[in-house]
Amino acid sequence: MAAVAAFDPSDVHVGRVRGRYYRENFAQGGVDLVQIIPELVTNADAAIAASGRATGRIVLAVGAPDPEFLAAWAARLRPLRSPALLSWRHELRCTDDGEGIDARMIDQRLGALGVAPPKRGQRGLFGRGLRDVWLAQGAGRIEGLRDGRTVESWFFPAPGDDPYAYVHVRDEVATSAHPRLLGVAVSGTRVTVPLADPRLPAPGRLRALVSQLVQLRPILEDPDRELYLDQPGQPLELITYPVPEPDRERAVLFDEEVVVAPGVTARIVVRRAAEPLSAGFSRATRRGGLTIRSGRAAHETTLAGFEGRPGARHLYGEVVCEALERLQRNALDAPRPELVVKVDRSGLNEHHPIVSRLYAAIDRVLKPLVAEEERRAGAHMLATARAVTARDQVGLRALNDALKAAFDQPGKTGFEHGSSPADQPSTHDTERPDGEPPQTSSGEPASEHPVLGVALRFKQSPIRLHPGEKRTITLLADPARVEPGTPIEVEADPGLTVTLRAESTPDPGSRGYSAVGAVLRAKVTVEPGSRLSVLAAAGEHACELEVIIVRHRASGWVREIARKDEDEVIEAEFDPETGIVTVHEGRREFRALERAARQAGYSKKRVAEYVPFRMLEVEAAANAVYAWAAEQILARRLPEERPAEPGEYAQAVRHEAQALRHRAHHKLMQAFLEPEIFDGAVTLRRTTPTHGEKQLRLVDERQ
């Protein structure tokens, strides 16, 4: 072929890209805290590893920005006409004592797109993900200390069609005060991300989010790393991953190396938890399932084709496939890349052929394990007579009514502290009708600022929803602390939609509080077992509604009493997802009463009609539900804060369970048992005492 002449450079045209394209692309990786926090913490972890130190410390802090900095930021950026965020109420700061950064490193690593980490095995040392976060939020700031120099750089969206811009606000020789101001000993970095959302999550929820994020688990499980969380009004807290408690009898179900594809292997470890694992707020934070890892990165938690199966609720573990990191890096250098990890880093790309084969390998491992779990769950189940089943339904209605009353706190007294009802209606007026200041019961003037309870709350929490179900909820506000007319803001987790019937708090009603109705709907695609939340804010006050997505279609929290012929340490257990209370009637006390029932002439199927056996069965089932309800009530009352001492928390749960039992148990027993039992129709038939019996009798021998 004849030689082809080279192009004239003047004939080559360069395509134009609008700045909007870049910003939409960046927004994929930095809008939500689930995306922001992993980028900051994993970058800090990579900086510590690059420093060569054996240990490292990371502090993740949320709080208000420095007013002086915020004023300087707005004053300098406003003339540039940049579409940057000029003001914000809260910001997220991540500080590490790693290798630090200077102006030259910022130019190298953050000054251009597509820069790969300088060392293999790093998840992304100050790479593209950090820019995603900054530009998605509309602003960013980084401060560093390295080799005796300190730097502070600002990042913001460029005013034209360029993706972003940055400027070194400070680049100077460090003094002895700079390490102390940065919170490090020798070198380190602090990355600041403004939060466009005007509200912060509740302290307990943010702590749970950080401790359960899948992408942070390699760091949280590393004994050489310390991750601290600093929240307003809360002490600095060391964050650790809440590892599920393993089953004592079958802790590890599978631990082998499997072949995924030619030249690609994965080590799959499947463990069994002692208690069913909740699906959590999202896939990014759930504890159940297998965590897929490669190198220092944790990509996602999955159960492959067994998502939502009842037999997989106890399963957790990990899948270590080192080939994923190699394939991802090779794809970045390929002319037609096929990425293993999704662009927003929310998990693996299921369309990649190796990922598809990895899921198939996980399915092959889980299939017999899930089948065995479901077989064991359905084994040793006891059938009961129709009369007992019918009486169970009567008792369950009474039990659900008790739970509804426990979770619902109607009336104005719900805002007041105290353990018993007041003799007089509560009032928040600072003066009496006669003009005199209010007085206490002892005649002394009362405080002008009475101690109040919560200012904003949902009428009932937690609540249950089926996928696709819609129901009405009520938000209550104390008019003494939330003035009528205050705008209401509501935010729901993905999978829920909320529609308020009023945009602001109305005037108080006849009971003294402002009530706003809303319609809550669970999407059809939400997974049963998920625990979702709705956050409401009015002024400076906020509250949270917990929503449990359930699978069954019965009314009420508890729908069935199941009986198992097994001997367990726990007499009964309650599963809030299915609404089933399982009583283990293979225990010795049940066996003893079963023998007595058979001697009294009851058939094996009618043993549950024997009054002492029935009472023991009802007591065991009710206590399991009371304990669960006490945990829910305590979590609500303490705004997700547990007492520091485990003994204090256990005592608080026990007290709540006993209080619930005190209010409802007498009605519950009357509903579960026959009416004639409480009318004195039950008598004991005397039999010949067994040999060697010396125990004192409760019933007089002459009767």
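No experiment lies behind these values; they were computed from the predicted model shown.

What counts as what
- Residues numbered from 1 in each chain as written.
- Predicted model: local features only at pLDDT ≥ 70, side-chain atom pairs only at ≥ 80, totals over all residues.
- Heavy atoms only, no water.
- Pairing = 2+ DSSP bridges.
- Helix = DSSP H or I, 4+ residues; strand = E, 2+ residues; numbered from the N terminus.
- Axes fitted to C-alpha atoms, helices over the stretch in contact; angles between N-to-C directions.
- Expected span 1.5 Å × (residues − 1).
- Buried < 20%, exposed > 50% of the residue type's maximum accessible area, 1.4 Å probe, protein only.
- Arc of directions from axis to C-beta.
- pLDDT = per-residue confidence, 0-100.
- Contact = heavy atoms within 4.5 Å.
- Parallel < 35°, antiparallel > 145°, perpendicular 65-115°, else oblique.
- Left-handed = near helix turned anticlockwise from the far one by under 90°.
- Patch = residues over 30% accessible without salt bridge, like charges linked within 9 Å, V, L, I, M, F, W, Y side chains within 5 Å.
- Areas by Shrake-Rupley, 256 points an atom, 1.4 Å probe, with all protein chains shown as cover.
- Salt bridge = Lys/Arg side-chain N within 4 Å of Asp/Glu carboxyl O.
- Lys, Arg positive; Asp, Glu negative; His and termini not counted.
- Charge placed at Lys NZ, Arg CZ, Asp CG, Glu CD.

**What to know about the sheet that holds strand S18 (residues 496-500)**
Okay, so step 1: With respect to topology, four strands assemble into an open sheet ordered S14-S16-S19-S18, the strand pairing being antiparallel. Here the strands that pair on one side only, and so sit at the sheet edges, are strand S14 (456-458) and S18. Each strand of the sheet is rotated relative to its neighbour by a mean of 30°, with strand direction disregarded.
Okay, so step 2: Bridge count for S18 against strand S19 (residues 514-522) is five bridges, and the pairing is antiparallel. Across the sheet, residue Leu496 finds its bridge partner in S19, namely Ala522.

**So, helix H12 (residues 588-599)**
Residues separated by three or four positions in an α-helix point in the same direction, a consequence of the helix having 3.6 residues per turn.
Okay, so step 1: When the terminal C-alpha atoms of H12 are compared, their 17 Å separation across 12 residues agrees well with the 16 Å that a helix rising 1.5 Å per residue should span.
Okay, so step 2: Within the sequence span of H12, burial applies to Phe590, Glu594 and Ala597. Buried residues in H12, looked at end-on, bunch into an arc of 60°, giving them a common side. Looking at H12, the residues exposed on the side facing more than 90 degrees away from the buried face are Arg588, Arg595 and Gln599.
Okay, so step 3: Just downstream of H12, Gly601 is the residue with a positive phi angle, here 105°.

**Here's the deal with the confidence of the model for the chain**
Okay, so step 1: The predicted model of the chain has a mean per-residue pLDDT of 81, with 82% of residues at 70 or higher.
Okay, so step 2: Below pLDDT 50 for its whole length, residues 425-452 participates in 31 contacts with residues either more than four positions away or in separate chains.

**Concerning helix H3 (residues 67-77)**
Okay, so step 1: The set of residues buried in H3 consists of Phe69, Leu70, Trp73, Ala74 and Leu77. Around the axis of H3, the buried residues are gathered within 130° of arc, so they sit on the same side. Relative to its buried face, H3 has exposed residues pointing more than 90 degrees away, namely Pro67, Glu68 and Arg76.
Okay, so step 2: If you follow the buried residues of H3, they end up packed against strand S3 (140-146) and strand S4 (149-157).

**A word on the packing of helix H2 (residues 33-51) against helix H7 (residues 203-212)**
Okay, so step 1: Following both chains from N to C, one finds H2 and H7 inclined at 55°, their axes separated by 10 Å at the closest point. Taken together, the axes of H2 and H7 lie oblique to each other. Regarding H2 and H7, the two cross each other, and that crossing is right-handed. Contacts from Leu33, Val34 and Ile37 of H2 reach H7 at Leu206, Leu209 and Val210.

**As for a negative patch on the surface**
Okay, so step 1: On the surface, Glu245, Glu249, Glu275, Asp567, Glu568 and Glu573 cluster together into a negatively charged patch.
Okay, so step 2: Position of Asp567 among the secondary structure elements: in the loop between strand S22 (560-564) and strand S23 (572-575).
Okay, so step 3: Overall, Asp567 belongs to the exposed group, its relative accessible area being 53%.

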